[in-house]
Each structure stands twice: as C-alpha cells, then as structure tokens.
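# Understanding the architecture of this molecule
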Amino acid sequence: NYEMLWVGWPGVFVEEGSERDALTKLLLRRGCLPIYLSRSEVDLYYNGYCNNILWPLFHYVPLSFESKLSETKNMALQWAAYQNANEAFARVIANAYRPGDAVWCHDYHLMLLPQQLKEDYPSMKVGWFLHTPFPSSEIYRMLPVREELLLSVLAADLIGFHTYDYARHFVSACSRILGFEGTPEGVEDNGNFTRVAAFPIGIDPGRFTQALETERVQAHVTELRQRFQGRKVMLGVDRLDMIKGIPQKLLGFEKFLSEHPEWRDRVLLVQIAVPTRTDVPEYQRLTSQVHEIVGRINGRFGTLGSVPIQHLDCSLAFTELCALYAVTDVCLVTSLRDGMNLVSYEFVACQSKNAGVLVLSEFAGAAQSLGAGALLVNPWNVNDMAAALEDALTMPELERRERQRQNFTHITMHTAQAWADTFVSELNDTHVEAELRRKRIPPQLFPSRVLDDFSRSRHRLIILGYNATLTLQTDSSKKQSRAGVLPGKPIKTQSRMHPVSQECLQRLCDDPTTTLCIFSGSERNRLQQTFAHLPKLWIAAENGCFIRPPLEGKHSKLGGSGTNNWITMVETSNFDWIESVQLVFDYFCERTPRSYVETRETSLVWSYKYADPDFGRQQARDLLQHLWTGPISNAAVDVIQGAKSVEVRPIGVSKGAAVERIVSMMGECGSSSLVEEIVDVPPVGNGGGSKPAGNDDVPPPPPPASQYVTLTAVGRLGRWFRTGSIHPKAQNRTKADRFRDVLRALSGPGRGHFRVRRAVL
C-alpha cells in the first residue's frame, strides 16, 4: 500500500568517483537512497558511539570509562560524530520528503533524527523503532547525554519497541530523568503527547517452509539424520557476542551431563558461533573462553567415537541452516539480553514435522511472544538450565506438538509484514488507551478458626471453588514458569486435582450432616467427568449457569429431567451476541501476547493471566470500550471484569444467585432436621428483654442453633471469604429477600433471618 524508499548507509566505505555513482544508481533502482560516511565518521559514529557506548548500555553492560583526559576527549568526539551523522540523514530525507509522506526511523543509530526532522517539518509523520532492549532508567541514566537523546526521540509521533517491558522502561526514563508525565499509553509534556507502544517483530515463515520443500534442503536433511542417527540433537545459533550467553549455555549443558550420565552418548550439542568484531579485545577473550569450555566438556565426557559438543566458528548457508533446524530436537537460546532473537522464530518455522522443543532465555524479547510453547530459563541459573534440558528431552510427544502448534500459530500470524503494517497503521492513527481497575485481593484463609464452628454444627453446607482451589497450582512450579502457558487451550495436565483433595471430598460427601457444593467457571461436561466418583455432590458450572443436584442421597430428587440432571439458570435461546463478542476477543488475543479466549456453553472469557500484567490491564480496558460501544450495546448480557480476565455472560448470572437457588432447593427438600417456617432473629447486639407476644416491633426469639445450617464459602487459592449460619427454608420470603439473606451471611455481621457464629476474614 506504500511506495517505499530506504535511506541508509551501505555498510562499506566507497571513495567518491565512478564506483560510488554506479553503486548509487544500483541502489536507487532497488528503492534505496544511500548516505556515504567518511572513514573517521564510520570509526567515531558507528564503531564508536553506536557500538561502544549505546549498544552496551542498552544491553545492561555498564560504560567502560577510564579517568583519562584522552578518553573524555574521545567520547566527546564520538558524540559530535553521532550528531553529524544524524544531521546527514536529516538532510537527505528532507530532500526526498513530500507532503503526506511518513518517515520511519530505525534503531539507536538515529535517536537524534526525529527532532531534526520535526524542526524543519513540524507536520511530518515520524515514527521511531528500537530493535534492541531499552534498559531500566537506573541503567540508562548513566549516559552523559541522556536528556538530549530522550528529548530528540520524543519529537516522534510514535515510538515502538519489541516488548512492553522496553516501552515501560522508556516511559519510566522520561518520567524520572525529564520529569514528564508517563502514562501506559506514552509520555505527555505540557499538552504534547508521544505515543509509546510495543510492536513485536516477526519473520517471513513462508521463506523457511518453502525452502524445506526443495531438493537441496531435503538432501541436507537426509545427510544430517544419517550423521546424527541414534542421538538427540541440541542446537545453538548465535553471534559470538557477550550478550548471547554462550558460556552460560555450555555450563548448563555440562551440568546436565554430569547429573544425567545416561544421556552422555545419546545427546549432541551443535553450537554455531558466528564471529563478530574479531579485532576487539573483549571479543577475543570471549572466543578463548568459549573454546576452553568446549574443550573441557569434550575431554571430560567424550569418547573415541563421539564428543558431546560440535562447535563451529563460522556461519552456514541458508539451505544448510534450514536443514539443521529441521533435524534439531532442542533449540537453545540463552541470551543474557536480546531485543528479540529471531533464531527462535526460524527454528519454529522449520519444525512442522519434528516438533522440537524451544528452550528460551527469559531475557530475550522473544520470551514475551513465544513463551507460550517454550521452556523459559534463567541462563544465569545453571541448575535451572540443566533441569530445562531434561524436561525438553523427556517431554511427551503430545505436549511437544501442542507447544509447537502454539508457537507456529504465533509466528505465522505475527510476521514481519504484519509488524510493519501494524506500526504504520498506528503511526497514522495514534489513539489513547485508558487505565484499568485494580484487582481486589481476597482475604486470607485461617482454617483453625473454622474448625470450632464445623465441629459444633449439626448441618453444614460447604461451598468450594474448583480451579486453583482443589486443583494443583502448577503455575508456581519451576517447570511451569519455564513453560509459560499455551494460549487458547491450556495444557490439560494443569487441571489435575490433588489426591488429598479427592480423598477429603469423598469423606465429606459420605458425612450425612454435611452438604458439599463445588462452584466453578468450567464447563459442566468437564466437571461432571471430574466428579463422576462423587454422586452426592452439588455442582454449579459456569459460575452458576448450570446446577446439578446430587445424584444420590436426600437431595437427589431435586434435579431436572434427563440423564445429566442439570438445572439451567438462564434462558438459552438467545445467544446471538456470542459470535460478535468472539471476534472482539480474537482481535485482542492477536494484540496481547500470551492471552487466550476460553469458550464456554453460555459465556466467553478473555484471559490475560499469563500476559504482561500492566499491558494486559490496558488491553482489557480497551476491550471493554470495544464491547460497550459495539456488540453488546443492546444485548442482555453482563460484562464481568475479573482478576486478569474479562467475561461476557447472560444477565443475572452469578455465584450468589446460584447459592440462593441451592439453599432454597435444600429448604424445599423438606428435611425433618430443618424447621418448617422461618422465624425472625434479632440483630446481634440488639439487647432488650422479652416483650408480650403479638408485639410487631419485637421479633420472636431465635430458634436453637441446631436448626441452622453452617454456610462456608471458599474462594480461589484456598482463601476463606466468610463462614456463618443461615436457615435454608424460607418459603414465606421472596427470592430477592432470600438472596439478600445469603449475601449478608457471606459478607456481613449477623442480622435478619440468620445467625453468624463467627465471621472469618
């Protein structure tokens, strides 16, 4: 949709003359406008200020500054060269600019360019994108010219980063260093607003998938499979750079081999280390260190027939690299800091058949996008690295393919073309996103305070949540924190009930004086299968849309018709809104990495539980605005903003309404242990003696404690909300009155038609 003109330095020094003219004509035919730098400018600007100062600092490497006058002068010369180079870019762009054009500046080499362009053309659309990490403000503030660079970049209309973390760091730096007002949407200064957002870059996956179909690549694949036959292949493809974490990767592999000797002759690590900046002493020392570690590991664990590491200090041809990706079982990306690292994307693109496992550093930008199907690791933690390698090699095939499916879906959806289209679209229309409401933390559980009420009560109603209450909390384990979560459809093993929970539920159901009810937002079919061994259990599915009374026992006759015995609490005939809401949710799944949509029978849930919390809250706020002004404006639905989720469900559905219905049904059951009519109970602390019967101002005395049912509600993460007593049978009360009684029992002191024995926070 756009006519593109690339303006940049060709990367080589060319003397003025016929060669430069010929190169210029050739580049212009390809849509490129070259800018030629002198040898001193290349040394001071590119190799000096860009690569020796900005690049290390942006990757959390402190400035190497010596207290010498010559070093101070050298830094000043580099800064002057940086200014001159940006001015040269501005002059060339100004000559080529036409009204209506959009200028997209790339990377830390051109941080002064937006301001220089805006000075001459205030109405010019200017965007700036950083392809490296942006450090924390505490690191960035070390830069001597920190204010100048920030102010220059803020002249752009749109500033983009790979991940929301980098954008947040930039906003924080502007707020802390410049004193500007930072918001989740950008930076504001006296009415001037600069939009700051995350735009994760991608690749062209079709280039790799098409290459795999060629005869040349297939021949390489056959050759490699024969060479590596009988061994699992691990692959690392990195520049020989300090931030790539190659020594950490090798140490983690060494730890794995020492702890698992059975894998020593069954696994091979192929490390491709492309040399860079070989004339720099720091890189020369890194090369020697890597070679030393490789030699030590091969000498310790190798045999006459094989060695555990094959290390290559060279680059590979594209066809050879595609073939190597295709036969790899585990890809290791252990960057200490990386803007994105597209090696992980390339590996996923070539793994449609093999379904290998991606072990990805949590410090790489790709972890924000591919963390769904990758094993995330801290490369500084050698033990964590070794454990991740074991998990990757022993992972079941079904889980490997599910992770590969999630990652492949992401890279095919978030391509390089989609990245460019999104940035240009945002540059043309930079709208503002609103803030979100904060999550309310439920109260803490103190089980000991409930035991006394439980033991003294004769009839007990216990209401338990299911997800994260009875199930194993796998999210907190190290393995799951490395794995992230699979958006769209979580891994089934994450919902397993703890064996102790199953035994406790069975014992509670067998107690004739205890009524047990399970509340969950999950589908009823799933809950019915999970609790098939507990026929005496009440089940409320989809947050109360469906209620299943016990299949056995005194309440078994309360169910509806049919084999499943489910009672529907909502009208199921009008669900025209689901399709339009699904489209909105899918759109925000594309905008929010690691978010997913859970489709239920009567509701839809968009969850950003595993996304970046701040970014997820902003996206949820924007999603609510889309819903309220579009698909649900006239629909009979409720929008529930939960803890890191947004749910759309039929109006009137709630767990409180389901509790009211269950208590009412228990009263209608006609149990002999319950009183036949409701009596008034004076509020706690009412005082006063008895008065003559018939006085309407004074209620009759309360019934004995044995005629009450203890009602206990348990929320997520095992936290108790309240425990109290409420009379279950209230036929002479309206539904609204009974519902209010239940709510008071759950959330307030005793008054009205119930008595709270002890409120537990």
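Residues numbered from 1 in each chain as written. Predicted model: local features only at pLDDT ≥ 70, side-chain atom pairs only at ≥ 80, totals over all residues. Heavy atoms only, no water.

### Looking at a nonpolar patch on the surface
A contiguous nonpolar surface patch, about 400 Å² in accessible area, is contributed by Tyr-2, Met-4 and Trp-6. Looking at where Met-4 falls in the secondary structure, it is placed in the segment before strand 1 (6-8). (Patch = residues over 30% accessible without salt bridge, like charges linked within 9 Å, V, L, I, M, F, W, Y side chains within 5 Å. Areas by Shrake-Rupley, 256 points an atom, 1.4 Å probe, with all protein chains shown as cover. Salt bridge = Lys/Arg side-chain N within 4 Å of Asp/Glu carboxyl O. Helix = DSSP H or I, 4+ residues; strand = E, 2+ residues; numbered from the N terminus.)

### Here's the deal with the sheet that holds strand 20 (residues 596-599)
Judged by pairing direction, the sheet is antiparallel, and its 4 strands sit side by side in the order 20-21-23-22 without closing on themselves. Each end of this open sheet is capped by a strand with a single partner; those strands are strand 20 and strand 22 (637-642). The average undirected angle you get between the axes of adjacent strands in this sheet is 15 degrees. Contacts between helix 22 (residues 577-591) and the sheet are confined to strand 20, strand 21 (604-607), strand 22 and strand 23 (645-650), with strand 21 contributing the most and set at about 10 degrees to the helix. (Pairing = 2+ DSSP bridges. Axes fitted to C-alpha atoms, helices over the stretch in contact; angles between N-to-C directions. Contact = heavy atoms within 4.5 Å.)

### Observations regarding the sheet that holds strand 10 (residues 267-274)
Strand order in this open sheet of 6 strands is 11-10-9-12-13-14, and the pairing throughout is parallel. Each of the sheet's edge strands pairs with one partner strand only, and the pair in question is strand 11 (309-312) and strand 14 (375-377). The sheet shows a mean angle of 20 degrees between the axes of neighbouring strands, taken without regard to direction.

### A look at the confidence of the model for the protein chain
Per-residue confidence for the protein chain averages 79 on the pLDDT scale, and 79% of its residues sit at or above 70. In the model of the protein chain, strand 26 (residues 754-755) stands out as the element of lowest mean pLDDT, 36, in contrast to strand 12 (residues 330-333), which has the highest, 96. Predicted confidence is poor over residues 475-494, with pLDDT under 50, and the contacts of this stretch with residues over four places away or in other chains come to 53 contacts. (pLDDT = per-residue confidence, 0-100.)

### Focus on the environment of Ser-369
Along the polypeptide, Ser-369 turns up in helix 14 (residues 367-370). In this structure, the C-alpha to C-alpha distance between Ser-369 and Tyr-345, residues 24 residues apart in sequence, is 9.9 Å. Excluding residues that lie within four positions of it along the chain, Ser-369 makes contacts with Pro-200, Tyr-345, His-410 and Pro-593.

### Description of the nonpolar core
Membership of the largest hydrophobic core comes to 58 residues, with the highest contact counts inside it found for Tyr-82, Phe-134, Leu-149, Phe-161 and Phe-170. Elements represented by at least two residues in this core include exactly helix 2 (39-58), helix 3 (69-96), strand 3 (102-106), helix 4 (113-120), strand 4 (125-129), helix 6 (146-153), strand 5 (158-161) and helix 7 (164-178). Beyond its immediate chain neighbours, meaning those up to four positions away, Phe-170 contacts Phe-134, Leu-150, Val-153, Leu-154, Ile-159, Phe-161 and Val-196. In this structure, Val-270, Met-340, Ala-367 and Ala-420 belong to the second largest nonpolar core, which totals 48 residues. (Core = buried A, V, L, I, M, F, W, Y, C linked by side-chain atoms within 4.5 Å. Buried < 20%, exposed > 50% of the residue type's maximum accessible area, 1.4 Å probe, protein only.)

### Details of the packing of helix 10 (residues 246-259) against helix 15 (residues 382-393)
Relative orientation of the contacting elements helix 10 and helix 15 amounts to 65 degrees, with a least axis distance of 8 Å. Taken together, the axis directions place helix 10 and helix 15 in an arrangement best described as roughly perpendicular. Helix 15 is crossed by helix 10, and the crossing has right-handed handedness. Residues Gln-248, Lys-249, Leu-251, Gly-252, Phe-253, Lys-255, Phe-256 and Glu-259 of helix 10 pack against Val-382, Asn-383, Met-385, Ala-386, Leu-389, Glu-390 and Leu-393 of helix 15. A per-class count over the contact of helix 10 with helix 15 returns 8 nonpolar, 3 polar and 4 charged. (Parallel < 35°, antiparallel > 145°, perpendicular 65-115°, else oblique. Left-handed = near helix turned anticlockwise from the far one by under 90°. Nonpolar A, V, L, I, M, F, W, Y, C, P; charged D, E, K, R; others polar.)

### A word on the packing of helix 8 (residues 205-212) against helix 12 (residues 318-327)
One way to put it is that helix 8 packs onto helix 12 with a least axis distance of 10 Å and a crossing angle of 85 degrees. The orientation of helix 8 with respect to helix 12, classified from their angle, is roughly perpendicular. On helix 12, the residues that touch Arg-207, Phe-208, Ala-211 and Leu-212 of helix 8 are Phe-318, Cys-322 and Ala-326. Of the residues contributing to the contact of helix 8 with helix 12, the split by class is 6 nonpolar, no polar and 1 charged.

### Overview of the pattern of salt bridges
Summed over all chains, the structure comprises 23 salt bridges. The closest approach of N and O atoms between Arg-20 and Glu-16, which form a salt bridge, is 3.9 Å. Relative accessible area serves as the criterion here: at 16%, Arg-20 is assigned to the buried category. With a closest N to O distance of 2.8 Å, Glu-254 and Arg-296 form a salt bridge. One end of the pair, Glu-254, is in helix 10; the other, Arg-296, is in helix 11 (residues 281-301), and 42 residues separate them in sequence. On the basis of relative accessible area, Arg-296 is assigned to the partly exposed category, the value being 37%. Through salt bridges with shared partners, a single network forms among Glu-598, Arg-600, Glu-647 and Arg-649.

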